[in-house]
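Survey of secondary and tertiary structure
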Amino acid sequence: MDEFRQNLWSPWRMEFIESLAGRNGPGCFICDYRDDPSSDVQNRVVWRADDSLVMMNRFPYTNGHLLIAPARHLAELDELNDDELRRIWFLTRDAKRLLAKVLEPQGFNIGLNFGRCAGAGLPGHLHIHIVPRWNGDTNFMAVLGDVRMIPQALDALYDRLRRASSDFGSPAPDGETGP
Ligand SMILES: [Zn+2]
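Quick caveat: nothing in here was measured; it's all calculated off a predicted structure.

Conventions used here
- Residues numbered from 1 in each chain as written.
- Predicted model: local features only at pLDDT ≥ 70, side-chain atom pairs only at ≥ 80, totals over all residues.
- Helix = DSSP H or I, 4+ residues; strand = E, 2+ residues; numbered from the N terminus.
- Buried ≥ 20, exposed ≤ 12 C-beta atoms within 10 Å, placed from the backbone.
- Contact = placed C-beta atoms within 7 Å.
- pLDDT = per-residue confidence, 0-100.
- Pairing = 2+ DSSP bridges.
- Axes fitted to C-alpha atoms, helices over the stretch in contact; angles between N-to-C directions.
- Core = buried A, V, L, I, M, F, W, Y, C linked by C-beta atoms within 7 Å.

Below, the discussion takes up the overall build of the chain. Helix and strand content of the chain: seven helices and five strands. In sequence order, the chain lays out its α and β elements as α-α-α-α-β-β-β-α-β-β-α-α. For the chain, buried positions account for 30% of its 179 residues. Pairs at least 24 apart in sequence give 63% of the contacts found in the chain among residues at least 6 apart.

In structure tokens, the structure reads:
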């Protein structure tokens, strides 16, 4: 993998670059997305609720890499209230169901990174990663080849996820129901 592509595909680096362009103070793309519902398609926001949102990672580790975040700009689990904690885990469950239906992965990684030393690209705004996995997918980025294909591939997948999620119905305000 040449250096250019490696840089292009390092999610922590791209999130950092994105954060520099953010409109919210020091920069937070999640807050930018939260404040601009009219750009949900452009930002590839899959679902939103009053206190949380689900979006595609623009620089995915694998196809279908989603992020779930509370709407409030909070860094730590301790800072979330009980409703927010419940919601982000209900949305994680629902997003996993959605990916299972649309992409039929063979496994998932789900987790959070706290602090840059732990790989957090945006340490100021907590978010849960859902990364679908397939046998032999460790070379996903190399297999995908031409990086210019990626935005179109992400848009196509976004359309599929949105269509499938509307089949399920959006999560109810209380977070109890979903896909
Ligand atoms: Zn934020």
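And the narrative resumes.
Interpretation of the predicted coordinates at a detailed level should be avoided for regions scoring low in pLDDT. Looking at the chain, the pLDDT average stands at 78 and 70% of residues meet or exceed 70. Per-residue pLDDT stays below 50 along residues 1-13; that stretch engages in 13 contacts with residues further than four places along the chain or on separate chains.

Moving on, we get to the sheet that holds strand β1 (residues 45-49). One open sheet accounts for five strands, arranged β1-β2-β3-β5-β4; its pairing is antiparallel. Strand pairing shows two members of the sheet lacking a second neighbour, β1 and β4 (107-111), which therefore form its edges. Mean inter-strand twist for the sheet, computed between neighbouring axes without regard to direction, equals 15°. Across five bridges, β4 lies against strand β5 (residues 128-133) in antiparallel orientation. Among the inter-strand pairings, I110 is bridged to a residue of β5, identified as I130.

Bringing the nonpolar core into the picture now. Where a protein is soluble and globular, its nonpolar side chains tend to be buried together. Formed by 29 residues in total, the largest nonpolar core has its most connected members in V46, L53, V54, M55, L66, I68 and A95. Among the secondary structure elements, those contributing two or more residues to this core are α3 (29-34), β1, β2 (52-56), β3 (66-70), α5 (82-103) and β5. In terms of residue count, α5 provides more of this core than any other element does, six residues in total. Look past the residues within four positions of V54 in its chain and what remains in contact with it is V46, W47, L66, I68, L91 and A95.

Moving on to the pairing of β2. Counting buried residues along β2, five of its five residues qualify, which places the element largely inside the surrounding structure. Where β1 and β2 come together, four bridges link them in antiparallel fashion. Residue pairing in the sheet places V45 in a bridge with M55 of β2. Once β1 ends, the chain turns through two residues before running back antiparallel as β2. Relative to β3, β2 is paired through five bridges, and the arrangement is antiparallel. Bridge assignment links V54 to a residue of β3, and that residue is I68.

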